[in-house]
Amino acid sequence: MADSVAAGPGDEKETENEDKDREKGASNNTTRAEMSSGASEVTETLGFYERNASKKDKKRNLSADLSLVRFIRAELTRGYFLEHNEAKYTERRERVYTCLRIPKELEKLMIFGFFLCLDAFLYVFTLLPLRVLLALIRLLTLPCCRLSGTRILQPAQVCDVLKGFILVLCYSMMHYVDYSMMYHMIRGQSVIKLYIIYNMLEVADRLFSSFGQDILDALYWTATEPKERKRAHIGVIPHFLMAVLYVFLHAILIMVQATTLNVAFNSHNKSLLTIMMSNNFVEIKGSVFKKFEKNNLFQMSNSDIKERFTNYVLLLIVCLRNMEQFSWNPDHFWVLFPDVCMVIASEVAVDVVKHAFITKFNDITADVYSEYRASLAFDLVSSRQKNAYTDYSDTVSRRMGFIPLPLALLLIRVVTSSVKIQGSLSLVCVLLFYLGMITLKVLNSIVLLGKSCLYVKEANMEEKLFQKPPSAAPSRTSSRTNRVKYNSSPPGDPVEEDIATSVTSQPIHNGDHSTSVLPNSESDQFLTTPDETEEKDLSQDGMELTHRAPKKDLLEIDRFTICGNRID
């Protein structure tokens, strides 16, 4: 009894503890069930959280339809902000604006370069004969007045006389070339063969221009080199014969090119003319997808200027030959006029498209063409300095690869064979025409000189006109090094002198050639306004210039322009 009474309270306590444990377990199970049910109710569908998933399970088809509608609605109303990548889209817009500016800026450069070539071309017909006449008069009238250590003819007069003799000899040799026979020989060839011949002639013209200017420069320097120096050449006569042979062969080459173009104009179905025009568009493929620096683009621009001017002269020759065949009937000119306009338009279109995409792919701004124009203007202004070292026509030849002598020789040959001069009235007309060309040459030179001075001032290049060039080096490598190290004029140079007074005065010959002051505008040295980053690189890395090749400035391009897109 006592045991049972003692065990009774202990059993009651155990049962109470068991009941409490059961209640706790039940409560835990209910909370877990609630949590699991809550988690199942909150489901994610395409970024949206929804409750009551159990209801969706009952209406699964309806929920699927609602999800598709919601997705379509999200696609239709989805938005984005371009301002989050503002720099990218601003750059794309600037590229579009640059492409739209390219035609205007390019044509400004082309027009300026065209009149530069025209000035050098008219010089051969107008002022060169007069200068040769004055030099011959001086040579014949002052042989007994020669003093020791002086020259009868100045170096510029010697070069003019050589040019006159070359033209006379080559003109006499051109009389032995039958233009009519050449025309019929080319006309008898197939279209594809003529297309290949025309492409070969274009390449040969560039190679002739490149090597021909070296031949002429060697002749001029050999004939005017100071006599006290040690002789290091083969003589003036061999150089003169090489120059005559070059001018004659180059004139024949241009004659064949003009004859091929004439055959294309006179073909019945115009198929050859169409093929030749399509060749210009092939040039886009070979140029656009290459890497171009500012220097290389300047080379291409000069080459395009020279090519466009040469094509205009070739079209003039074709029109003269065709008008002669039709007895100068003006109605035939209007037959040729559409084809001439088509050739010119295709040339302009190809140049615009080519330069627009080159500047786009290489991130070059349209303002670079104003720098190119200032560089060409600097050549014109520097050639009118007191101590100019070369004639302007030779500067254009070195810069653009345009040599006016062969082209002028061919035009003289075509005009004299096409136009018959008979009677005194014809002589009066020829004299008036010659005076008109002189007037055109003078007016063109005045306008070009004024524009060039303006472009030089806008580019802040006046001080460079009066800087001393670096000392002559025996090798090309050392001369390039001197050019890079030479960044500013020495103290004491008269940079305050006005351009207008220096471009109209005559050159002064100094006895000591090593100390003569020349404008810093060599044929292979351009002067443009360099970028600030380039100036900093030159100033910071000045000690490393002897260990690495110097970076070419914009104005280190001369006769290589005619060799195409040369990339060093």
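Residues numbered from 1 in each chain as written. Predicted model: local features only at pLDDT ≥ 70, side-chain atom pairs only at ≥ 80, totals over all residues. Heavy atoms only, no water.

Caption draft 1: Quick look at unusual backbone geometry. In this model, tryptophan 328 sits at a positive phi of 55°, which is unusual for a non-glycine residue. Looking at the element boundaries, tryptophan 328 is found in the loop between helix H11 (294–325) and helix H12 (330–361). On the basis of relative accessibility, which here comes to 40%, the residue tryptophan 328 falls in the partly exposed class. Non-glycine residue aspartate 363 carries a positive phi angle of around 55°. As for its position among the elements, aspartate 363 is in the loop between H12 and helix H13 (368–383). Its relative accessible area of 54% is what places aspartate 363 among the exposed residues. (Helix = DSSP H or I, 4+ residues; strand = E, 2+ residues; numbered from the N terminus. Buried < 20%, exposed > 50% of the residue type's maximum accessible area, 1.4 Å probe, protein only.)

Caption draft 2: Up close: the packing of aromatic side chains. Under the counting rule described, the total for this entry stands at 15 aromatic pairs. Ring geometry for phenylalanine 112 against tyrosine 455: centres 5.4 Å apart, planes inclined by 75°, an arrangement best described as edge-to-face. Here tyrosine 455 lies in helix H16 (residues 424–458) and phenylalanine 112 lies in helix H4 (residues 86–125), a separation of 343 residues in the sequence. For phenylalanine 112, a relative accessible area of 6% puts it in the buried group. Note on tyrosine 455: relative accessible area 16%, which makes it buried. Centroid distance phenylalanine 289 to phenylalanine 361: 6.0 Å. Interplanar angle 25°. Geometry classified as stacked. With phenylalanine 289 in the loop between helix H10 (271–288) and H11 and phenylalanine 361 in helix H12, this residue pair connects regions lying 72 residues apart in the sequence. Accessibility expressed as a relative area gives 66% for phenylalanine 289, which makes it exposed. An aromatic cluster is defined as three or more aromatic residues linked by ring pairs; in this entry it consists of Phe114, Phe115, Phe121, Phe125, Phe309, Tyr312 and Phe402. The ring centre of tyrosine 89 lies 5.8 Å from the NZ or CZ of lysine 88, which sits over that ring. (Phe/Tyr/Trp six-rings, centres within 6.5 Å; stacked < 30°, edge-to-face > 60°. Lys NZ or Arg CZ within 6 Å of the ring centre and 35° of its normal.)

Caption draft 3: Highlighting the packing of helix H6 (residues 155–174) against helix H8 (residues 191–224). At a closest axis distance of 9 Å, the pairing of H6 and H8 adopts a crossing angle of 130°. It follows from the interaxial angle that H6 and H8 lie oblique. Crossing angle aside, the handedness with which H6 passes H8 is right-handed. Between H6, through Pro155, Val158, Cys159, Leu162, Lys163 and Ile166, and H8, the contact on the second element is made entirely by Leu216, Leu219, Tyr220, Ala223 and Thr224. Broken down by class, the residue content of the contact of H6 with H8 amounts to 9 nonpolar, 1 polar and 1 charged. (Axes fitted to C-alpha atoms, helices over the stretch in contact; angles between N-to-C directions. Parallel < 35°, antiparallel > 145°, perpendicular 65-115°, else oblique. Left-handed = near helix turned anticlockwise from the far one by under 90°. Contact = heavy atoms within 4.5 Å. Nonpolar A, V, L, I, M, F, W, Y, C, P; charged D, E, K, R; others polar.)

Caption draft 4: Summary view of the environment of isoleucine 102. Along the chain, the position of isoleucine 102 falls in helix H4. Sequence separation between isoleucine 102 and aspartate 367 is 265 residues, and the spatial gap between their C-alpha atoms is 9.0 Å. Leave out the neighbours within four places in its chain, and isoleucine 102 touches Val352, His355, Ala356, Thr359, Ala366 and Tyr369.

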